[in-house]
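Summary of structural features
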Amino acid sequence: MYKHPVWPIKWYYLQKISAMTPKIFLFLFVSLISLATQAQKPADKEEWQPLFNGKDLTGWDVKIAGHKVNDNYKNTFLVEDNMIRVNYKEYDKFTTEYGHMYYNKPYSHYKIRLQYRFTGNQVPGGASWNVRNSGIMLHSQSAASLGLDQDFPISLEMQYLGGLNAGERNTGNLCTPGTIVDINGKLAEAHCIDSDSKTYNGDQWVDAEAIVLGDSIVYHMIGGDTVLVYTNPRIGGGYVGKNHTFKDGKVGNEAEWIKKDGTKLGSGYIALQAESHPIDFRNIELLNLKGCMDPKATNYKSYYVAADNSTCTYKKK
């Protein structure tokens with residue numbers, strides 16, 4: 001497995017080395033941020049933001065195929081015991097109710113971490129490939145932009161799979177609805193790409209993280225280990241593979257997405273997935289890596305990797 005990256009790092013170093021292969025990039029990446037960490041001041045402590053308040057779904061938009069935005073059909077998403085639960089207790093049968101719940105603010109450069117666990121049995125009607133199958137969507141289109149019957153948002157899915165007590169089943173994989181990426185500098189044409197994680201059987205909690213650096217590079221981490229790295233995310237490759245079009249996927253504004261073929265995908269929304277098997281999410285936190293990079297500002301952070309100096313604040317003279 002790859003070694004876990006550690007923060008912080010300066011973005012101009014990334015620009016110089018991001019063209020290298022992911023393994024070389026990661027080696028230099030870790031070396032640079034280790035040096036930077038040694039010089040970090042207490043005032044530059046990482047400011048992680050909880051995306052879930054533990055009480056309700058404030059800040060999130062629900063979109064379930066066949067239903068309008070924020071029609072939380074049959075309470076598919078609910079809050080219990082400080083968890084967001086994907087719940088099918090009110091379903092008699094699952095048909096095409098693929099659902100996602102979107103945090104209502106987009107990000108470009110960030111680190112996200114959470115814990116998830118699969119529970120119980122799949123609802124009747126769910127596809128066999130969706131047993132203990134869920135994930136989070138990165139750089140996703142917004143809930144409001146989806147077609148009414150669209151199954152999945154155009155995004156990068158960090159796929160979570162639970163073990164079936166029957167051989168290996170990796171988690172922290174990548175699936176690419178409407179998108180393509182490069183791995184080791186070459187186009188990865190498969191719709192879903194396995195990580196090299198271990199298998200997690202049963203209803204145990206799993207620690208998952210992702211580091212997302214705009215349209216340059218993305219790391220998937222499971223249990224503290226980097227299990228998958230890919231670069232150059234962009235729109236294209238069909239919807240679920242070359243032979244499955246945006247029209248087949250009932251994607252809203254199909255013509256506009258076709259025009260964007262090959263466009264780099266550098267920002268978007270984060271969404272939790274509901275695909276017919278119950279899953280719980282908790283401790284969902286985000287570290288924004290884009291912000292004020294002027295050391296003279298009061299809100300400067302040494303771990304930012306992308307500048308947005310319009311956010312800088314200064315002491316009054």
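Residues numbered from 1 in each chain as written. Predicted model: local features only at pLDDT ≥ 70, side-chain atom pairs only at ≥ 80, totals over all residues. Heavy atoms only, no water.

This part covers the nonpolar core. Ranked by internal contacts, the top residues of the largest apolar core, which has 55 residues, are Ile 112, Tyr 116, Ile 136, Leu 138, Tyr 160, Phe 281 and Ile 284. In terms of residues, this core owes the most to one element, strand 6 (residues 109–118), which gives 5 residues. In this structure Leu 138 touches Tyr 110, Ile 112, Ser 155, Leu 156, Met 158, Ala 210, Val 212, Val 218, His 220, Tyr 230 and Tyr 269, once residues within four positions along its chain are discounted. Trp 48, Ile 217, Val 229 and Tyr 303 belong to the second largest nonpolar core, which has 12 residues in total. (Core = buried A, V, L, I, M, F, W, Y, C linked by side-chain atoms within 4.5 Å. Buried < 20%, exposed > 50% of the residue type's maximum accessible area, 1.4 Å probe, protein only. Helix = DSSP H or I, 4+ residues; strand = E, 2+ residues; numbered from the N terminus. Contact = heavy atoms within 4.5 Å.)

All right, on to the confidence of the model for the protein then. On average, residues of the protein score 90 in pLDDT, and 86% of them reach the 70 mark or higher. Ignoring residues within four places in sequence, the model shows residues 6–18, a span with pLDDT below 50, making 43 contacts including any to other chains. (pLDDT = per-residue confidence, 0-100.)

Looking now at unusual backbone geometry. Positive phi values are uncommon outside glycine, yet Asn 75 reaches one of about 50°. Inspection of the secondary structure puts Asn 75 in the loop between strand 2 (60–64) and strand 3 (77–80). Even without being glycine, Lys 250 reaches a positive phi, approximately 60°. By the element assignment, Lys 250 lies in the loop between strand 15 (225–235) and helix 3 (254–259).

Where strand 1 (residues 49–50) meets strand 17 (residues 279–288), 2 bridges bridge the pair, whose relative direction is antiparallel. Note that in strand 17 the partner of Pro 50 across the bridge is Glu 285. Where strand 4 (residues 83–86) and strand 17 come together, 3 bridges link them in antiparallel fashion. Paired with Val 86 across the bridge in strand 17 is Ile 279. As judged from the 8 bridges shared by strand 6 and strand 17, these two strands associate in the antiparallel manner. Following the sheet pairing, Tyr 116 is matched in strand 17 by Phe 281. (Pairing = 2+ DSSP bridges.)

Enumeration over the complete set of coordinates arrives at 2 disulfides. Here Cys 175 is linked by a disulfide to Cys 192, with a sulfur-sulfur distance of 2.0 Å. Torsion about the S-S bond of the Cys 175 and Cys 192 cystine: about 110°, corresponding to right-handed handedness. Of this pair, Cys 175 sits in strand 9 (residues 173–175) while Cys 192 is found in strand 12 (residues 192–193), placing the two residues 17 residues apart along the sequence. The class of Cys 175 is buried, set by a relative accessible area of 2%. One disulfide in the model links Cys 292 with Cys 312; its S-S distance is 2.0 Å. Between Cys 292 and Cys 312, the S-S torsion sits near 100°, and that sign places the bridge as right-handed. A residue pair is termed long-range when its members are at least 10 positions apart, and Cys 292 in the loop between strand 18 (290–291) and strand 19 (306–307) and Cys 312 in the segment after strand 19 qualify at 20 residues. (Disulfide = S-S within 2.5 Å.)

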